Amino acid sequence: MVLKAFFPTCCTSADSGLLVGRWVPEQSSAVVLAVVHFPFIPVQVKELLAQVQQASQVSVAVLGTWCHRRQETEESLGHFLEGLGALFSHEPWLQLCRERGSKSWSCKATRRQGPAPLAPVCEDQVMLVFYDQRKVLLSRLHPPAALPERQAGDATASAGGLAAVFDTVARSEVLFQSDRFDEGPVRLTHWQSEGVEASILVELAKRAAGPICLLLACLLSLISAASACRVFRPWPLSFIWSKLSTCEQLRHRLDQLTLVVSAPRAGGPTQLMRKANTLVSVLLDMALGLLLLSWLHRKDRFAQLAEALVPMADRVAEELQHLLQWLMGAPAGLKMNRALDQVLGRFFLYHIHLWISYIHLMSPFIEHILWHLGLSACLGLTVALSILSDIISLLTFHIYCFYVYGARLYCLKIHGLSSLWRLFRGKKWNVLRQRVDSCSYDLDQLFIGTLLFTILIFLLPTTALYYLVFTLLRLLVVTVQGLVHLLVDLINSLPLYSLGLRLCRPYRLAAGVKFQVLEHEAGRPLRLLMQINPLPFSHVVHIYRLPSCGCHPKHSWGSLCRKLFFGELIYPWRQRGDKQD
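The rules behind each value
Residues numbered from 1 in each chain as written. Predicted model: local features only at pLDDT ≥ 70, side-chain atom pairs only at ≥ 80, totals over all residues. Heavy atoms only, no water. Helix = DSSP H or I, 4+ residues; strand = E, 2+ residues; numbered from the N terminus. Buried < 20%, exposed > 50% of the residue type's maximum accessible area, 1.4 Å probe, protein only. Contact = heavy atoms within 4.5 Å. Areas by Shrake-Rupley, 256 points an atom, 1.4 Å probe, with all protein chains shown as cover. Axes fitted to C-alpha atoms, helices over the stretch in contact; angles between N-to-C directions. Parallel < 35°, antiparallel > 145°, perpendicular 65-115°, else oblique. Left-handed = near helix turned anticlockwise from the far one by under 90°. Patch = residues over 30% accessible without salt bridge, like charges linked within 9 Å, V, L, I, M, F, W, Y side chains within 5 Å. Salt bridge = Lys/Arg side-chain N within 4 Å of Asp/Glu carboxyl O. UniProt positions renumbered as here; feature names shortened; annotations may be inferred. Expected span 1.5 Å × (residues − 1). Phe/Tyr/Trp six-rings, centres within 6.5 Å; stacked < 30°, edge-to-face > 60°. Disulfide = S-S within 2.5 Å.

With that out of the way, let us pick up the overall build of the protein chain. A count of helices and strands for the protein chain gives 17 helices and 13 strands. Burial statistics for the protein chain: of 581 residues in total, 41% are counted as buried. Within the protein chain, contacts between residues at least 6 apart in sequence are counted, and of these 69% link residues at least 24 apart. Carbon and sulfur atoms make up 64% of the accessible area of the protein chain, which amounts to about 33000 Å² in all.

Now the structure itself:
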């Protein structure tokens, strides 16, 4: 039988003593956590292990002995270590020894073949695996279920056998709190034997984080209670706020801050990573917003934007007037219905006239409005981008009105033609059963249906042309807004903290391990070095991606084409659960 002994690299130069760790019978593995040095009292060692086991819920025990022969006078120490198996009974009993003045090791694992004290003893082969205890403690091994399907199959074997090793080291952090400078009765060697890592700035930040989070939590609770008050939620305001991207982003930012400053501590690595990713995302977003705000205030760019905004709106209105005049003629040589063409053209021209009047009426206040809206950039770049999306919606409101008018008129004619076509075939739509049934029509009904069908079929090209032109304009505006919201969702959902860990400390996010052969000679134990395989960047984004505000559903190409063909309205801001027209 071959046993695997995971030995920390920090203990290779430790003095002789006892091997403390955990035995994993399912994997036939021994995970060595520390080395207990002489002198020691066996009762005190057992009390220390009992305290560690009670605090960490890990069955820590003495696995065997460690002998580091540095001098010739220490050769007799090996015989003394062999007798410690009677005080600390464990099956199997490991005996690791490093020879003096060489890199060779000797490993033995003995077990008794019966319960009697004088039962014969057999030896098992030992495969020695070295691991970096600090990296294993700080890393998180991702199970195959958390990985994408292509890598899950490859990582099942490695992650399944090594999960116990990573879990043992992570849960035994209580054992690593004592170092060789402590005045306790038991001296240990582990990854923090040279002293516990600490930082004054980190400790001060931990002390100040509690009151600050408590104050922010109280402030956020007041804001949440005020926003939920009925005084601020009458029907028109609640309807408008549900359609504005800025309100959705502010609500999402409030949820992010509530998650960060919430009173309960992170219950696990996943929740801790989510809080860290959210905090870094909010800080970076606010830093980018402050940079944008400083850029706008420099050289009085608000006045420049206000001066360029009115001529731009006039230019758009002028181009729309030219487009309508072209449609009211003979566009592309098409024969249009003269009466309907003139009615629709003059109707849309009147709307453009109203829009120009509205823009010139608001022109004296545009600079002040932009200045006050620009102050919201201190809340984050995503808030500023959401305000930009709402400004685009307001400046192109006349295009949206044209699209709605054309889509409703076109949809009415399409539904009318489909109903009249069923009339010619002797069919009708059963509203109660939601199906097409047979029906008999008299002569008057067929005559009226024929007249209406002829009228609608000859008026359809004119309506379809207006609908096509304004739908293309509407899709252009939706595309620009979609790019803005894509950038907002990217900033909100990108796990920046996890990506920073993967870039600076790859071992913190482990996808698996690889083994390097250190020694493979006949008559000597096989020695391997365990190294951590970092998680790929694409998998880091896939696993730790943060939830976004999600106020813009994604239509498939099939549903989008169907909506456009039948004249159904496209609402990019509509929630997924809302009722569709």
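Right, picking up where we left off after that structure.
This brings us to the packing of helix H13 (residues 397-424) against helix H14 (residues 443-493). Contact pair H13 / H14: the axes reach a minimum separation of 7 Å and the direction vectors enclose 150 degrees. Judged by the angle between their axes, H13 and H14 are roughly antiparallel. Considering how the two elements wind past one another, H13 and H14 form a crossing that is left-handed.

Another point: a nonpolar patch on the surface. A contiguous nonpolar surface patch, about 490 Å² in accessible area, is contributed by Phe447, Ile448, Leu451, Leu452 and Ile455. Structurally, Leu451 can be placed in helix H14.

When the UniProt feature table is mapped to this numbering, "transmembrane region" (unreviewed entry) covers residues 278-296, 343-361, 373-396, 445-469 and 475-499. With 100% helix and 0% strand, residues 278-296 has its two end C-alpha atoms placed 27 Å apart. Helix makes up 92% of residues 475-499 and strand 0%, whereas the separation of the span's terminal C-alpha atoms amounts to 35 Å.

Relative to the 42 Å expected for 29 residues at 1.5 Å per residue, helix H8 (residues 269-297) spans 42 Å between its end C-alpha atoms, a close match to the ideal helical length. Downstream of H8 by a residue or two, Lys299 has a phi angle that is positive, lying close to 60 degrees.

Looking now at the packing of aromatic side chains. If you walk through the whole model with that rule in mind, you get 18 aromatic pairs. Taken together, a centroid distance of 6.2 Å and an interplanar angle of 90 degrees make the contact between Phe7 and Phe130 edge-to-face. Of this pair, Phe7 sits in strand S1 (residues 2-8) while Phe130 sits in strand S7 (residues 121-131), and the two are 123 residues apart along the sequence. Note on Phe397 and Tyr400: the rings are 6.4 Å apart at their centroids and 35 degrees apart in plane angle, and the pair reads as tilted. On the criterion of helical spacing, the pair formed by Phe397 and Tyr400 is a turn pair, its members being three residues apart in helix H13.

To continue, consider the state of the cysteines. Here the structure, examined in full by the defined rule, presents zero disulfides. Cys11 forms no disulfide, and the closest cysteine sulfur to it belongs to Cys10, at a distance of 4.0 Å. In this structure Cys67 is a free cysteine whose sulfur lies 3.9 Å from that of Cys97, the closest cysteine sulfur available. Its relative accessible area of 6% is what places Cys67 among the buried residues.

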